Amino acid sequence: MAPRNDLGGRSQRLVVLSGRGAAPGVGRVWLVGAGPGDPELLTMKALKVLQTADVVVHDGLVSDEILDLAPASARRISVAKRKSRHSYSQDEINRMLAAFALEGLNVVRLKGGDPFIFGRGGEELEACREAGVDCQIIPGVTAALAAAASAGAPLTHRDSAQAVTFVTGHAKAGAEPDLDWDSLARANQTVVIYMGLSMAAPIAARLMAAGRAGATPALIVENASRADERRIVTTLSGLAEAAASLGGPALLIVGEAMALARAGEEPAGNGRAQVETLIRGARA
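Residues numbered from 1 in each chain as written. Predicted model: local features only at pLDDT ≥ 70, side-chain atom pairs only at ≥ 80, totals over all residues. Heavy atoms only, no water.

*Asks:* Before we move on, could you go through the sheet that holds strand β1 (residues 28-33) and cite the residues and values that matter?
*Replies:* Here we have five strands laid out as an open sheet, ordered β3-β2-β6-β1-β7, and parallel in their pairing. The open sheet has two edge strands with one neighbour each: β3 (75-78) and β7 (135-138). Each strand of the sheet is rotated relative to its neighbour by a mean of 20°, with strand direction disregarded. Pairing of β1 with strand β6 (residues 106-111), which is carried by six bridges, proceeds in the parallel orientation. Counted as the bridge partner of G33 is K111 from β6. The strands touched by helix α3 (residues 90-102) are β1, β2 (55-58), β3 and β6; relative to β6, the strand with the most contacts, the crossing angle is about 150°. Strand contacts of helix α4 (residues 121-130): β1, β6 and β7, with the helix running at about 170° to β1, the strand carrying the most contacts. (Pairing = 2+ DSSP bridges. Helix = DSSP H or I, 4+ residues; strand = E, 2+ residues; numbered from the N terminus. Axes fitted to C-alpha atoms, helices over the stretch in contact; angles between N-to-C directions. Contact = heavy atoms within 4.5 Å.)

As structure tokens, then:
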């Protein structure tokens, strides 16, 4: 395993890198989706860019197996966000990315899932553009896709789910999200709630008050695609009670197609050995 070179604590409020003699202004920021955690779900393009990084600025949800695919020489800076506890503010992260690129460094902003699905990738892209920094985006497998796939429950289905909607379970400052509950309560659609574990009770209540049947199938997936993944198959009326037994990052998925979901099975694959084999094959 490559040695960790992590500068993630709050004590590292100012991070200075030399640029290794590169001319100012030739660096670049890559907003890279790391996927939900299983290294086998990392895209080939993401892997190639990660292996060229001078700096890796990563979320707390990015797995160690993926971080260890970066060069041993790359600086790794954790900007993990947890509920009510951030190592860096979003403004600090934005300034950090631009400053490193302007030093001539190749910066990989490694984000769990996909950068543009509740990942604040849009804010970081805007900040780079305002600073005159070239910023490229590499999409990733968002957690909803991995959660549905591992449970064997399609997000869309010709008979039972003609639409799928991704929503966030939290508004700014941790308030209840201001969503179109009447629209989300319509039958024959799938509603995926990101970051909604602690808000499961009010979300379920809102959906049922808007007319969604309490018997509507529901699925909760904690740590989707990882070795410690957990799945609970329940109903909308049972969502709050089921969510109370979990504590990790989780998705809530509500919809008729979740009747096909499987619970209690081990997720397939651990990924690290297979990824190393792929890398060796690509280099051969």
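*Asks:* Talk me through the sheet that holds strand β8 (residues 164-168); I want residue IDs and the actual numbers.
*Replies:* Two pairing modes exist for strands in a sheet, parallel and antiparallel, and in both the strands are linked by backbone hydrogen bonds. One open sheet accounts for five strands, arranged β8-β9-β12-β10-β11; its pairing is mixed. Sheet topology places β8 and β11 (230-235) at the edges, where each strand pairs with a single neighbour. Neighbouring strand axes in the sheet, compared pairwise and without regard to direction, differ in orientation by 20° on average. Where β8 lies against strand β9 (residues 190-194), five bridges are found, and the strand directions are parallel. Pairing of T168 across the sheet is with Y194, part of β9. Packed on one face of the sheet, helix α5 (residues 143-151) meets β8, β9, β10 (217-222), β11 and β12 (250-254) and runs near 70° to β12.

*Asks:* Tell me what's going on with the pairing of β9, and back it up with residues and numbers.
*Replies:* With respect to burial, β9 is a largely interior element, five of its five residues being buried. What you see with β9 is no split at all: T190, V192 and Y194 on one side and V191 and I193 on the other are buried throughout. By the bridge criterion, four bridges tie β9 to β12 in an arrangement that is antiparallel. Paired with I193 across the bridge in β12 is L252. (Buried < 20%, exposed > 50% of the residue type's maximum accessible area, 1.4 Å probe, protein only.)

*Asks:* Quick rundown of the environment of P249? Include the residues and the values.
*Replies:* Tracing the backbone shows P249 in the loop between α8 (239-243) and β12. Linking P249 and M195, residues 54 residues apart in sequence, is a C-alpha distance of 7.0 Å. Excluding its chain neighbours within four sequence positions, the residues that come into contact with P249 are L61, V221, E222 and N223.

*Asks:* Kindly report on the pairing of β12, identifying the contributing residues and their values.
*Replies:* Across the five residues of β12, five count as buried, placing the element largely inside the fold. The pairing of β10 with β12 spans five bridges and is antiparallel. Bridge pairing in β12 links A218 to V254.

*Asks:* If you had to explain a negative patch on the surface to someone new, which residues and values would you point to?
*Replies:* Side chains of D91, E123, E126 and E130 sit close together on the surface and give a patch of like negative charge. Structurally, D91 is set in helix α3. (Patch = residues over 30% accessible without salt bridge, like charges linked within 9 Å, V, L, I, M, F, W, Y side chains within 5 Å. Areas by Shrake-Rupley, 256 points an atom, 1.4 Å probe, with all protein chains shown as cover. Salt bridge = Lys/Arg side-chain N within 4 Å of Asp/Glu carboxyl O. Lys, Arg positive; Asp, Glu negative; His and termini not counted. Charge placed at Lys NZ, Arg CZ, Asp CG, Glu CD.)

*Asks:* Can you lay out the side chain of D59 for me, pointing to particular residues and giving the numbers?
*Replies:* Here D59 is to be found in the loop between β2 and α2 (64-67). Assessed through its relative accessible area of 18%, D59 is described here as buried. Separated by 2.8 Å, the side chains of D59 and R109 make a polar contact. At 3.4 Å, the side chain of D59 and the backbone nitrogen of G112 are in polar contact. Apart from residues lying up to four places away in sequence, D59 is in contact with V79, R109, L110, K111 and G112. (Polar contact = N/O pair within 3.5 Å; in protein donor to acceptor, adjacent residues only side chain to side chain.)

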